[in-house]
Amino acid sequence: MFRLFFFESGSVLALSLLLIVRRYRSPEFWLLLLACGLGVILFTHDVFLSITYEMESWNPENLPGNWQRYRTIRIEANHTRTAAATISFLCSLLAFTLANSKDNPG
């Protein structure tokens, strides 16, 4: 259930991409593709979750000697994930704006 809700925003972007696949030569298609690839899903899955899984396996009463290093890496990864989500959102917003302006000129 966690993965379904956590990655739901990417599913919506992927569905949007499928709906405009006939416009594969248009800027909005490529902006949506960028939003899907750059977004939270790829970064979270490949970077953030691996660090989180490592930290969750620790015994809270017996932390490893380098726990502060992992905490710092996780905090930096969270900042990067937030930036990726913001860029993803802006790309998808621009893509939908471009698509709407072409469908409704004037």
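Because the structure is a prediction, the values reported are computed rather than measured.

### Quick notes on the overall build of the protein
Piece 1. Scanning the protein from N- to C-terminus turns up five helices and zero strands.
Piece 2. The secondary structure elements of the protein, listed N-terminal to C-terminal, are α-α-α-α-α.
Piece 3. Among the 106 residues that make up the protein, the fraction classed as buried is 28%.
Piece 4. Put simply, 65% of the contacts in the protein that link residues at least 6 apart link residues at least 24 apart.
Piece 5. Accessible surface computed for the protein: about 7400 Å², of which carbon and sulfur atoms make up 65%.

### Observations concerning the confidence of the model for the protein
Piece 1. For the protein, per-residue confidence averages 75 on the pLDDT scale, and residues scoring 70 or more make up 71% of the total.
Piece 2. Element-level mean pLDDT values for the protein span from 53 in helix 1 (residues 2-6) up to 80 in helix 5 (residues 67-103).

### Quick word on the nonpolar core
Piece 1. Counting residues in each nonpolar core, the largest one holds five residues, listed as L31, L32, A35, C91 and A95.
Piece 2. For this core, the secondary-structure elements that each account for two or more residues are helix 3 (27-38) and helix 5.
Piece 3. If you tally residues by element for this core, the top one is helix 3, at three residues.
Piece 4. Ignoring anything within four residues of it in the chain, the contact list for C91 reads L31, L34 and A35.

### Remarks on the packing of aromatic side chains
Piece 1. Per the counting criterion, the structure on display carries one aromatic pair.
Piece 2. Aromatic pair W58 and Y70: ring centres 5.4 Å apart, planes at 85°, arrangement edge-to-face. Taken together, the residues span a long stretch of sequence, with W58 in the loop between helix 4 (40-56) and helix 5 and Y70 in helix 5 at a distance of twelve residues.
Piece 3. Accessibility expressed as a relative area gives 15% for W58, which makes it buried.
Piece 4. Here the basic side chain of R69 rests over the ring of Y70, its NZ or CZ set 5.6 Å away from the ring centre.

### Comments concerning the environment of N78
Piece 1. Secondary-structure assignment places N78 in helix 5.
Piece 2. Spatially, the C-alpha atom of N78 lies 9.5 Å from that of V47, the residues being 31 residues apart in sequence.

### So, the environment of T44
Piece 1. Assignment of secondary structure puts T44 in helix 4.
Piece 2. In the structure, T44 is positioned 41 residues away from A85 in sequence and 10.0 Å away in space, judged by C-alpha atoms.

About the thresholds
Residues numbered from 1 in each chain as written. Predicted model: local features only at pLDDT ≥ 70, side-chain atom pairs only at ≥ 80, totals over all residues. Heavy atoms only, no water. Helix = DSSP H or I, 4+ residues; strand = E, 2+ residues; numbered from the N terminus. Buried < 20%, exposed > 50% of the residue type's maximum accessible area, 1.4 Å probe, protein only. Contact = heavy atoms within 4.5 Å. Areas by Shrake-Rupley, 256 points an atom, 1.4 Å probe, with all protein chains shown as cover. pLDDT = per-residue confidence, 0-100. Core = buried A, V, L, I, M, F, W, Y, C linked by side-chain atoms within 4.5 Å. Phe/Tyr/Trp six-rings, centres within 6.5 Å; stacked < 30°, edge-to-face > 60°. Lys NZ or Arg CZ within 6 Å of the ring centre and 35° of its normal.

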